[in-house]
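Per-entry structural report
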Amino acid sequence: MNKVLKLIFITFLFCFLCINSSCFAANNEEYIRVGLLQGQTSIVISAENDFVIKDVDNNKNYKFSKANNVNIHQSERKVYIDKKGRETTTLIIAVKNNEPVTVNNKRYRGSLIIQPHKAGLTVINRVSLEDYLRGVVPKEMPTDWAKEALKAQAVAARTFTLYNRADRKHTKEGFDVCATTDCQVYSGISVETTSSDNAIKATRGQILTYSNEPICSVFHAASGGFTENSEDVWKVTVPYLRAVDDSTEQSPYAEWQTQISIEDFSDTIAKQYKDIGTIKEIDVSNFPQGLKKNSKPKSIKFIGSDNKSMELTATQIRSMLGLKSNNFSLELIQDKKKITNDKKLKITSPDKTILQINGKGLGHRLGMSQWGAKALADKGQNYKQILQHYYTDVKLKTIY
């Protein structure tokens with residue numbers, strides 16, 4: 001069976017495997033395929049009601065009661081359901097009355113798809129978008145925060161999910177989104193709360209669009225006072241990801257500090273980029289701090305002892321050193337004295353010099369600041385105002 005026909009077959013198969021019509025939500029609700037696990041040699045499946053495991057290739061159903069724990073494992077080209085092994089490409093697990101299914105002791109709504117690969121089994125959760133969000137929003141934002149902040153988070157997360165699906169980032173792996181920070185953290189039923197569920201229900205089907213398409217509604221923990229233009233982080237201009245003032249934000253990451261010796265910093269640049277020798281000068285003239293609209297991409301130039309140089313963006317430095325954010329300034333501590341300058345930092349004694357990084361915020365600082373959203377909600381702004389503040393020239397659209 002070719003891939004297109006198999007996809008069509010699997011789609012219709014969900015209709016027949018479900019015991020009643022509750023398998024599908026009303027009003028054309030979206031469904032998402034979430035990659036839960038990859039590279040697994042074996043998994044254990046159970047459910048809260050009777051369930052069926054359908055071997056698609058062999059057109060065979062395995063029926064189990066809710067009391068069963070079923071071991072599924074892969075050995076070479078065969079997939080074994082308990083002790084029964086066959087060559088197959090797809091197993092589908094559906095539970096009576098669409099009740100939760102458990103994978104390795106973690107409970108999920110919706111159905112499961114299991115596919116063998118060379119590296120092991122891939123486990124995919126096919127779940128409605130709204131039920132998926134119930135396992136996402138509580139992981140992305142504290143659920144005791146103001147309801148308007150949680151509603152803003154629900155809309156941002158819903159939009160980001162549909163953007164990722166359209167971007168086809170994980171299509172070759174057989175799913176739309178992963179369950180980690182690479183997409184959004186998804187933990188299923190165990191994290192669901194009343195407050196986050198209410199925020200999801202209150203914004204049901206609402207997404208942010210630009211030119212009538214779901215936006216890349218990225219978010220982060222804390223901006224440190226202002227968010228960034230996309231080109232200063234990704235080197236690509238995204239019209240709705242514009243720097244905005246975030247001075248009302250109050251977070252535990254308002255200020256942070258770290259230090260590294262100039263010799264260690266020089267070695268780090270040599271290992272990750274190129275060897276420019278021991279750094280003797282740092283040019284920060286093209287590294288403005290604060291919110292400056294229409295500014296050029298920010299970068300810092302490091303001049304080495306052999307007159308070679310390396311220019312790095314704040315985002316590259318953040319990645320290289322594992323910093324909390326790209327919102328920082330630099331100063332030197334040389335012979336126990338602080339050296340600051342608006343444009344250039346001269347290093348005369350590298351073995352006695354420390355580079356001090358003074359920073360603010362946590363995350364990439366694009367799109368919505370979660371601590372900023374909390375501050376705005378605490379001041380009385382609603383979720384629509386919060387979203388319009390962080391995403392420029394976007395529209396709120398209800399898709400179902």
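Heads up: these notes are all about the structure in this document. Remember, it's a predicted structure, so these values are computed and weren't measured experimentally. (Residues numbered from 1 in each chain as written. Predicted model: local features only at pLDDT ≥ 70, side-chain atom pairs only at ≥ 80, totals over all residues. Heavy atoms only, no water.)

Quick notes on the overall build of the protein chain
Helices and strands together make up the secondary structure of the protein chain, namely 9 helices and 26 strands. If one aligns the C-alpha atoms of the protein chain with their principal axes, the spans along those axes are about 75 × 50 × 35 Å. Every one of the 400 residues in the protein chain was classed for burial, and the buried ones make up 52%. Sequence separation of at least 24 residues holds for 69% of the intrachain contacts in the protein chain that already meet a minimum separation of 6. (Helix = DSSP H or I, 4+ residues; strand = E, 2+ residues; numbered from the N terminus. Buried < 20%, exposed > 50% of the residue type's maximum accessible area, 1.4 Å probe, protein only. Contact = heavy atoms within 4.5 Å.)

Some words on the packing of aromatic side chains
Counted under the stated rule, the structure contains 8 aromatic pairs. Aromatic side chains Tyr 108 and Tyr 186 sit 5.8 Å apart centroid to centroid with 40° between the ring planes, which places their arrangement in the tilted category. One end of the pair, Tyr 108, is in strand β10 (residues 106-108); the other, Tyr 186, is in the loop between β13 (177-178) and α5 (194-202), with 78 residues separating them in the sequence. An identical accessibility class is assigned to Tyr 108 and Tyr 186; each is buried. Here the aromatic residues Tyr 108, Tyr 132 and Tyr 186 are joined through ring pairs into a cluster of three or more. Cation over ring: Lys 60 sits above Tyr 62, and NZ or CZ is 5.6 Å from the ring centre. Above the face of the Phe 226 ring, Arg 365 is positioned so that its terminal group lies 4.6 Å from the ring centre. (Phe/Tyr/Trp six-rings, centres within 6.5 Å; stacked < 30°, edge-to-face > 60°. Lys NZ or Arg CZ within 6 Å of the ring centre and 35° of its normal.)

Digging into the sheet that holds strand β9 (residues 101-103)
Hydrogen bonds between backbone groups are what pair the strands of a sheet, and the pairing can be parallel or antiparallel. The strand order across the open sheet formed by 6 strands is β7-β6-β5-β2-β9-β10, and the pairing between neighbours is antiparallel. Edge positions in the open sheet fall to β7 (84-87) and β10, since each of these has one partner strand only. In this sheet, neighbouring strand axes are inclined to one another by 25° on average, regardless of whether the strands run parallel or antiparallel. Relative to strand β5 (residues 70-75), strand β2 (residues 42-47) runs antiparallel, the two being bridged by 4 bridges. Each bridged residue has a counterpart across the sheet, and for Val 44 the counterpart in β5 is Asn 71. (Pairing = 2+ DSSP bridges. Axes fitted to C-alpha atoms, helices over the stretch in contact; angles between N-to-C directions.)

Considerations on the environment of Val 52
Examined against the element boundaries, Val 52 turns out to sit in strand β3 (residues 51-55). Relative accessible area serves as the criterion here: at 12%, Val 52 is assigned to the buried category. Sequence separation between Val 52 and Ile 317 is 265 residues, and the spatial gap between their C-alpha atoms is 51 Å.

Some remarks on the sheet that holds strand β11 (residues 111-117)
What the 7 strands build is an open sheet, ordered β4-β3-β8-β11-β12-β1-β13; its pairing is mixed. Each edge of the open sheet is held by one strand with a lone partner, namely β4 (60-64) and β13. Here 7 bridges tie strand β1 (residues 31-40) to strand β12 (residues 120-128), and the two strands are oriented antiparallel to one another. Among the inter-strand pairings, Gln 40 is bridged to a residue of β12, identified as Leu 121. Taken strand by strand, helix α4 (residues 147-167) contacts β1 and β13, and its axis lies near 70° from that of β1.

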